[in-house]
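In case you want the letters, here they are:
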Amino acid sequence: MTPRSTGLICAIAAVTIFSMQDGISKHLGSAYPPIFITMIRYWAFAGFALALASRSAGGVKGAANANRLWLQIARGALLAVQIVISIFSFSRVGLAASHTIFAAAPLVVACLSVPFLGEKVGWRRWTAIGIGFVGILLIVNPLNATFDAKIIIPMVATLMFGVYSVMTRLASRTDTSDTAFFYTGVAGAVTITFVGPFYWTHITPTDWLWMLVLCITGMSGHYLLIRAFNLLDAVVVQPMSYIQSVLVCLMGVFVFGDVMTANMILGVAIVIAAGIFTIWREARLGRAAPPAIDLPGTP
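None of the values given here were measured: they were computed from a predicted structure.

## Some remarks on the overall build of the protein chain
Move 1: If you tally the helices and strands in the protein chain, you get 13 helices and zero strands.
Move 2: Listing the helices and strands of the protein chain from first to last along the sequence gives α-α-α-α-α-α-α-α-α-α-α-α-α.
Move 3: Its C-alpha atoms give the protein chain a radius of gyration of 18 Å, within 12% of the compact-globule value 19 Å for 299 residues.
Move 4: With the C-alpha coordinates aligned to their principal axes, the bounding extent of the protein chain is approximately 55 × 50 × 40 Å.
Move 5: Within the span of the protein chain, comprising 299 residues, buried residues form 53% of the whole.
Move 6: Taking the intrachain contacts of the protein chain between residues at least 6 apart in sequence as the baseline, contacts between residues at least 24 apart amount to 90%.
Move 7: On the protein chain, roughly 13200 Å² of surface is accessible, and the fraction owed to carbon and sulfur atoms is 71%.

## A short note on the side chain of threonine 38
Move 1: Counting through the fold element by element, threonine 38 comes out in helix α2 (residues 34-55).
Move 2: Its relative accessible area of 0% is what places threonine 38 among the buried residues.
Move 3: If sequence neighbours within four positions are ignored, threonine 38 has contacts with Ala80, Ile83, Val84, Ile87 and Ile192.

## Regarding the packing of aromatic side chains
Move 1: Considering all chains together, one arrives at nine aromatic pairs under this definition.
Move 2: Ring geometry for phenylalanine 45 and phenylalanine 181: centres 5.5 Å apart, planes at 85°, overall edge-to-face. Of this pair, phenylalanine 45 sits in helix α2 while phenylalanine 181 sits in helix α9 (residues 177-193), and the two are 136 residues apart along the sequence. The residues phenylalanine 45 and phenylalanine 181 share a single accessibility class, namely buried.
Move 3: Judged by centre distance (6.0 Å) and plane angle (85°), the rings of phenylalanine 48 and phenylalanine 181 are edge-to-face. In this pair, phenylalanine 48 sits in helix α2 while phenylalanine 181 sits in helix α9, placing the two residues 133 residues apart along the sequence.

## Examining the packing of α2 against α9
Move 1: Running from N to C, α2 and α9 cross one another at 145°; their axes reach a closest spacing of 8 Å. Two packed elements cross with a definite hand, and for α2 against α9 that hand is left-handed. On α9, the residues touching Ile35, Thr38, Met39, Tyr42, Trp43, Phe45, Ala46, Phe48, Ala49, Leu50, Leu52 and Ala53 of α2 are Phe181, Phe182, Thr184, Gly185, Val186, Gly188, Ala189, Ile192 and Thr193.
Move 2: Considered class by class, the residues forming the contact of α2 with α9 number 16 nonpolar, five polar and no charged.

## Focus: the nonpolar core
Move 1: One finds Leu28, Ile37, Tyr42 and Met211 to be the most contacted residues of the largest nonpolar core, which totals 34 residues.
Move 2: At 11 residues, the largest contribution of residues to this core is made by α2.
Move 3: Those residues in contact with tyrosine 42 that lie beyond four places of it in its chain are Gly76, Leu79, Ala80, Ile83, Thr184, Gly185, Gly188, Ala189, Ile192 and Pro299.
Move 4: In terms of nonpolar packing, the next biggest core, distinct from the first, is built from 18 residues, Ala97, Ile139, Ile151 and Tyr242 among them.

## Things to note about the side chain of threonine 158
Move 1: Looking at the secondary structure, you find threonine 158 in helix α8 (residues 152-171).
Move 2: Filtering out sequence-adjacent residues up to four positions away, threonine 158 remains in contact with Ile101, Phe102, Ala104, Ala105 and Val108.

## Structural notes on a nonpolar patch on the surface
Move 1: On the surface, Val190, Phe194, Val195, Phe198 and Tyr199 cluster together into a nonpolar patch covering about 560 Å² of accessible area.
Move 2: Mapped onto the fold, valine 195 is located in the loop between α9 and α10 (205-231).
Move 3: The exposure class assigned to valine 195 is partly exposed, which follows from its relative accessible area of 36%.

## Side note on empty space enclosed by the protein
Move 1: Under the defined criterion, the tally for this structure stands at one cavity of 30 Å³ or more.
Move 2: There is about 40 Å³ of room inside the largest cavity.
Move 3: Every residue lining the largest cavity is listed: Gln21, Arg41, Ala44, Phe45, Leu214, Cys215, Gly218, Met219 and Pro299.
Move 4: If you list the elements that add at least two residues to the lining of the largest cavity, you get α2 and α10.
Move 5: The biggest single contributor to the lining of the largest cavity is α10, with four residues.
Move 6: Each residue belonging to the lining of the largest cavity can be placed in one class, and the counts come to six nonpolar, two polar and one charged.

## Examining the environment of serine 241
Move 1: Counting through the fold element by element, serine 241 comes out in helix α12 (residues 241-254).
Move 2: Between the alpha carbons of serine 241 and arginine 55 there is a distance of 27 Å; along the sequence they are 186 residues apart.

Here is what the cut-offs are and how they apply
- Residues numbered from 1 in each chain as written.
- Predicted model: local features only at pLDDT ≥ 70, side-chain atom pairs only at ≥ 80, totals over all residues.
- Heavy atoms only, no water.
- Helix = DSSP H or I, 4+ residues; strand = E, 2+ residues; numbered from the N terminus.
- Rg over C-alpha atoms; globule rule 2.2 N^0.38 Å.
- Buried < 20%, exposed > 50% of the residue type's maximum accessible area, 1.4 Å probe, protein only.
- Contact = heavy atoms within 4.5 Å.
- Areas by Shrake-Rupley, 256 points an atom, 1.4 Å probe, with all protein chains shown as cover.
- Phe/Tyr/Trp six-rings, centres within 6.5 Å; stacked < 30°, edge-to-face > 60°.
- Axes fitted to C-alpha atoms, helices over the stretch in contact; angles between N-to-C directions.
- Left-handed = near helix turned anticlockwise from the far one by under 90°.
- Nonpolar A, V, L, I, M, F, W, Y, C, P; charged D, E, K, R; others polar.
- Core = buried A, V, L, I, M, F, W, Y, C linked by side-chain atoms within 4.5 Å.
- Patch = residues over 30% accessible without salt bridge, like charges linked within 9 Å, V, L, I, M, F, W, Y side chains within 5 Å.
- Salt bridge = Lys/Arg side-chain N within 4 Å of Asp/Glu carboxyl O.
- 1 Å grid on protein atoms, 1.4 Å probe; cavity = no way out; pocket = protein on both sides within 12 Å on 5 of 7 lines; lining within 4 Å.
- Points joined across faces, edges and corners; volume = space filled by probe spheres on them.

Here you go:
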């Protein structure tokens, strides 16, 4: 196969694995504290980050050598908290409803890049962002008499992921992707370990098996995604995250009994279209995000 074909297969396999990971997270998050689940996931993820760092040119010491140390630590800690909220959202709001909101992440990043990164957003991207948020309004449906305030949970998670992504872009101006990945895993693991042990819970042997699968999917998914970014441009890989949204929504409906209403389907279609245009436009103007190796809820 050509490098492009291999990269596309790796990207599709990665988002498929991450979809499975979200389904397992919902299963475990419905029975155990999300903070505890996140801590176990992060211990495995940190081990994976350390293993990759040890194989890099500069070793662990080189990967840990950050020019913006506190920014790297802060973004790693923020993502860990975002993962906790995402798992809580899966268990309380549902997979389908959560991912329809998560689909707006690129639009949030585009908005935040103006005040925090000094980027200029033209009228085409502002139009796409506006249309995307119309899609969000369709999903949320605030005028419905049965409006559920719990939809705020995935909205908070999406906003947090947008801030994390902007911090990642800012850090990428002075630090390498190896350093960013190292602190994503290690700083996140250290942060969640300060709190997670207080939520330690007895887990059945069967669910320990699911926890093991959860950790394996995280590591294998990240490995495949890294391979994809090594073989393809970011603008080709990043829209693949929408395949994850579609797969997770299907899993939510057919496995967990979530309900996708007509307004949610139309809304998420609008959001995905606007998000793909925003990513494409950023790449065209030379402001595409650096190869990011995190998607909402992936570590």
